[in-house]
Amino acid sequence: MIICGIVGWKNSGKTYFAQKLINYFNSKNFKVASIKHAHHEFDIDKPNTDSYLHRKAGSQEILVSSSKRWVKIVELRGAEERKLSDLLNELDSPDIVIIEGYKNESHPKLEIIKEDTKDYLFTRLNTITGIVSDKKIDTLIPQFKKENIDSVVEHILNNHNK
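Below or above, wherever it landed, is the structure these notes cover. (Residues numbered from 1 in each chain as written. Predicted model: local features only at pLDDT ≥ 70, side-chain atom pairs only at ≥ 80, totals over all residues. Heavy atoms only, no water.)

Some remarks on the overall build of the chain
Piece 1. A count of helices and strands for the chain gives four helices and eight strands.
Piece 2. The order of helices and strands in the chain, counted from the N terminus, is β-α-β-α-β-β-α-β-β-β-β-α.
Piece 3. When burial is assessed residue by residue, the chain has 39% of its 162 residues classed as buried.
Piece 4. Across the chain, the fraction of contacts at a sequence separation of at least 24, relative to all contacts at a separation of at least 6, is 52%.
Piece 5. Summed over its atoms, the accessible surface of the chain is roughly 10600 Å², and 47% of this surface lies on carbon and sulfur atoms. (Helix = DSSP H or I, 4+ residues; strand = E, 2+ residues; numbered from the N terminus. Buried < 20%, exposed > 50% of the residue type's maximum accessible area, 1.4 Å probe, protein only. Contact = heavy atoms within 4.5 Å. Areas by Shrake-Rupley, 256 points an atom, 1.4 Å probe, with all protein chains shown as cover.)

Thoughts on the sheet that holds strand E1 (residues 2-7)
Piece 1. In space, the six strands of this open sheet follow the order E2-E5-E1-E6-E7-E8, with parallel pairing throughout. Strand pairing shows two members of the sheet lacking a second neighbour, strand E2 (32-36) and strand E8 (143-144), which therefore form its edges.
Piece 2. Alignment of E2 against strand E5 (residues 96-100), held across five bridges, turns out to be parallel. Bridge pairing in E5 places Ser34 opposite Ile98. (Pairing = 2+ DSSP bridges.)

Brief notes about the nonpolar core
Piece 1. Ranked by internal contacts, the top residues of the largest apolar core, which has 18 residues, are Ile6, Phe17, Leu21, Leu110, Val152 and Ile156.
Piece 2. Elements with a minimum of two residues in this core: E1, helix H1 (14-27), E5, strand E6 (109-112) and helix H4 (149-159).
Piece 3. For this core, the element with the highest residue contribution is H1, accounting for five residues.
Piece 4. By size, the runner-up hydrophobic cluster in this structure holds 10 residues, among which are Tyr120, Leu125, Ile137 and Ile141. (Core = buried A, V, L, I, M, F, W, Y, C linked by side-chain atoms within 4.5 Å.)

Quick look at the pattern of salt bridges
Piece 1. Applying the stated criterion across every chain, the model contains eight salt bridges.
Piece 2. Ionic pairing is found between Glu100 and Lys36, a salt bridge with its closest N-O pair at 3.8 Å. Taken together, the residues span a long stretch of sequence, with Glu100 in strand E5 and Lys36 in strand E2 at a distance of 64 residues.
Piece 3. Residue Arg55 pairs with Asp45 through a salt bridge whose shortest N-O separation is 2.8 Å. With Arg55 in helix H2 (residues 50-57) and Asp45 in the loop between E2 and H2, this pair connects stretches of sequence that are 10 residues apart.
Piece 4. Connected through shared salt-bridge partners, Asp45, Arg55 and Glu75 make up one network. (Salt bridge = Lys/Arg side-chain N within 4 Å of Asp/Glu carboxyl O.)

Quick notes on the side chain of Thr117
Piece 1. One can find Thr117 in the loop between E6 and strand E7 (128-132).
Piece 2. In this structure Thr117 comes out as buried when scored by relative accessible area, which is 14%.

A look at unusual backbone geometry
Piece 1. Of note, the phi angle at Arg77 is positive, near 45°, even though the residue is not glycine.
Piece 2. Although it is not a glycine, Ser93 sits at a positive phi angle of roughly 55°.
Piece 3. Mapped onto the elements of the fold, Ser93 is located in the loop between helix H3 (84-90) and E5.
Piece 4. Classification of Ser93 by relative accessible area gives exposed; the value is 58%.

Set out below in structure tokens:
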């Protein structure tokens, strides 16, 4: 399994670039999985849906299933957040996992840098294998323009653990 982290400061374009990678790998018939870290409370079900009502009534685990997809919602209720390794173990043998966030974990990552940024994560993290930015940055870390997806993919395939 190839693991590719996507990190960067808020509004740097992480989700946009993760989408580009997911779309690219999917178009090449890779089985793609993704994990997104959220720093805030979020809901994936909507008020007044059955799953929402089950959860609000006190169900700690809710499974919703149809002929198209299924989802598992787990209420932590004060328990520790799941570790990235636990989440990776939940996946069903993907070829590649795109991980957005989890910057302090040990997997290899690409840093997405906006043009107006002067504060870089690669100066603090030794897990950055490449930089995606439209500006030239003074570092020996390989750099890629945002539109040069083919070069980024080649870098991921050659430099991220399997």
